[in-house]
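Survey of secondary and tertiary structure
Residue strings, one per chain:
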Amino acid sequence: MMPLATFTWPTLADEIGPRQAGAIYQNIDGRFEVLAVVTDPGEAASLLRRQGARWALIVRDTLRPDGQPFAIGSAWTTSDYLLREGTPAPAYAPAA
C-alpha cells in the first residue's frame, strides 16, 4: 500500500512574506508601499469582497503619482522582491 502524502497549508507569515507596514516591494504589476496588514479574517473578507480571505494588505503603487490605496490578497511569490523592510506590528500584552 502506498503511503498517503500529507499537505500542510501555508501559514499567514508564508503568504504575507516580508510585507509589513512600511515595506516597499516590487513585482511585474508595480512598486508597492504596504500601508497596513489586516489579519482579522472578517475585516479581510470585507476588504477583498470574498468570504475565504484570511488576511489582506492595504497598499499604494508608488510608481503612480495619483496612486490610491487599495486592498490586495495575493500571496508573496518568487516574482516579488523587497526594496525596503517594514516595521513588524508590535506584540501587545493582554490587559490585566
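Since the model is a prediction, treat every value here as computed from it, not as a measurement.

Another point: the environment of R19. Counting through the fold element by element, R19 comes out in the loop between α1 (12–16) and β1 (24–27). Considering only alpha carbons, one finds R19 and Y81, 62 residues apart in sequence, at a separation of 9.9 Å. Setting aside its immediate chain neighbours within four residues, R19 contacts Y25, V34, V37, W55, L57, I72, S74, A75 and W76. Polar contacts involving the side chain of R19 include one to the main-chain carbonyl oxygen of I16, which spans 2.8 Å.

All told, the structure shown has 4 aromatic pairs when counted by the stated rule. Considering the side-chain rings of F7 and W9, the 5.1 Å spacing of their centres and the 90° angle between planes classify their relative orientation as edge-to-face. A residue is classified by how much of its surface remains accessible, and F7, at 61% relative accessible area, is exposed. The exposure class of W9 is exposed, given its relative accessible area of 66%. Geometrically, the ring pair formed by F32 and F70 is edge-to-face, given 6.2 Å between the ring centres and 80° between the ring planes. In this pair, F32 is assigned in strand β2 (residues 30–38) and F70 in strand β4 (residues 70–72), connecting sequence segments 38 residues apart. By relative accessible area, F32 is classed as buried at 7%. Look at F70 and you get partly exposed, because its relative accessible area is 35%. Every member of this aromatic cluster is reached through a ring pair, and the members are Y25, F32, F70 and W76. The aromatic ring of Y25 is capped on one face by R19, whose charged end is 5.2 Å from the ring centroid.

What counts as what
Residues numbered from 1 in each chain as written. Predicted model: local features only at pLDDT ≥ 70, side-chain atom pairs only at ≥ 80, totals over all residues. Heavy atoms only, no water. Helix = DSSP H or I, 4+ residues; strand = E, 2+ residues; numbered from the N terminus. Contact = heavy atoms within 4.5 Å. Polar contact = N/O pair within 3.5 Å; in protein donor to acceptor, adjacent residues only side chain to side chain. Phe/Tyr/Trp six-rings, centres within 6.5 Å; stacked < 30°, edge-to-face > 60°. Buried < 20%, exposed > 50% of the residue type's maximum accessible area, 1.4 Å probe, protein only. Lys NZ or Arg CZ within 6 Å of the ring centre and 35° of its normal.

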